[in-house]
Amino acid sequence: QVQLVESGGGLVQPGGSLRLSCAASGTTLNYHAIGWFRQAPGKEREGVSCISSSDGSTYYLDSVKGRFTISRDSAKNTVYLQMDSLKPEDTAAYYCAATYYCSAYPAVYEYWGQGTQVTVSS
């Protein structure tokens, strides 16, 4: 069993920054991939980024490349999503999820956090 909790969301102005955290607990040794997803009202959930602890590979949604950075702190068992140059279209509920290997497909992730709201508005 894996438990995930997101934090760090909030209201920021366009061009601002936020750092989201995903803290994992429980039996996590075999879950090598943490993905970030987001879902805006009326839209499907989309994969934003993923990091694999087995080989260090990272993946990004094309629209966030160069603006978002995913990283991992093994000592804290936490994955971060640093979001810079935020745009209004980044507004969504953000979720982290755990699986064995990175994928952009939400259905392959077994465990999900509760989500944290990110709102980008002036």
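Before any of the text, the structure's been laid out above.
A brief report on the enclosed structure follows.

Parameters and conventions
- Residues numbered from 1 in each chain as written.
- Predicted model: local features only at pLDDT ≥ 70, side-chain atom pairs only at ≥ 80, totals over all residues.
- Heavy atoms only, no water.
- Pairing = 2+ DSSP bridges.
- Helix = DSSP H or I, 4+ residues; strand = E, 2+ residues; numbered from the N terminus.
- Axes fitted to C-alpha atoms, helices over the stretch in contact; angles between N-to-C directions.
- Polar contact = N/O pair within 3.5 Å; in protein donor to acceptor, adjacent residues only side chain to side chain.
- Contact = heavy atoms within 4.5 Å.
- Disulfide = S-S within 2.5 Å.
- Buried < 20%, exposed > 50% of the residue type's maximum accessible area, 1.4 Å probe, protein only.
- Core = buried A, V, L, I, M, F, W, Y, C linked by side-chain atoms within 4.5 Å.

With antiparallel pairing, four strands are arranged side by side in an open sheet as E1-E3-E8-E7. Looking along the sheet, the strands with just one partner apiece sit at the ends: strand E1 (2-7) and strand E7 (68-73). The mean inter-strand angle of the sheet, taken between neighbouring strand axes irrespective of direction, is 15°. The pairing of E7 with strand E8 (residues 78-83) spans six bridges and is antiparallel. Its bridge partner lying in E8, Ser 71 is registered against Tyr 80.

With that out of the way, let us pick up the side chain of Thr 116. Residue placement: Thr 116 occurs in strand E11 (residues 116-120). Within polar-contact distance, the side chain of Thr 116 engages the backbone nitrogen of Gly 9 at 3.1 Å. Those residues within four positions of Thr 116 in sequence are excluded, and the remaining contacts are Glu 6, Ser 7, Gly 8, Gly 9, Leu 20, Ala 92, Ala 93 and Tyr 94.

All right, on to the state of the cysteines then. A covalent bond between the sulfur atoms of two cysteines is what we call a disulfide. Taken as a whole and judged by the stated rule, the model has two disulfides. Covalent S-S linkage joins Cys 22 and Cys 96, the inter-sulfur distance amounting to 2.1 Å. With the S-S dihedral at roughly 75°, the linkage between Cys 22 and Cys 96 falls on the right-handed side. Here Cys 22, found in strand E3 (residues 18-26), pairs with Cys 96, found in strand E9 (residues 92-99); they are 74 residues apart in sequence, far enough to count as distant. You can call Cys 22 buried: its relative accessible area is 1%. Bridging Cys 50 to Cys 102, the disulfide has an S-S length of 2.1 Å. Every disulfide takes its handedness from the sign of the S-S torsion; for Cys 50 and Cys 102 that torsion is -90°, giving left-handed.

This part covers the nonpolar core. Counting 27 residues, the largest nonpolar core has Leu 4, Ile 34, Trp 36, Phe 68, Leu 81, Met 83 and Tyr 94 as its most contacted members. For this core, the secondary structure elements donating two or more residues are E1, E3, strand E4 (33-39), strand E5 (46-52), E7, E8, E9 and E11. Beyond its immediate sequence surroundings of up to four residues, Phe 68 is in contact with Arg 38, Val 48, Tyr 60, Leu 81, Gln 82, Met 83, Asp 84, Leu 86, Asp 90 and Tyr 94. Judged by nonpolar contacts, the second largest core, of five residues, contains Ala 33, Cys 50, Ala 97 and Tyr 109.

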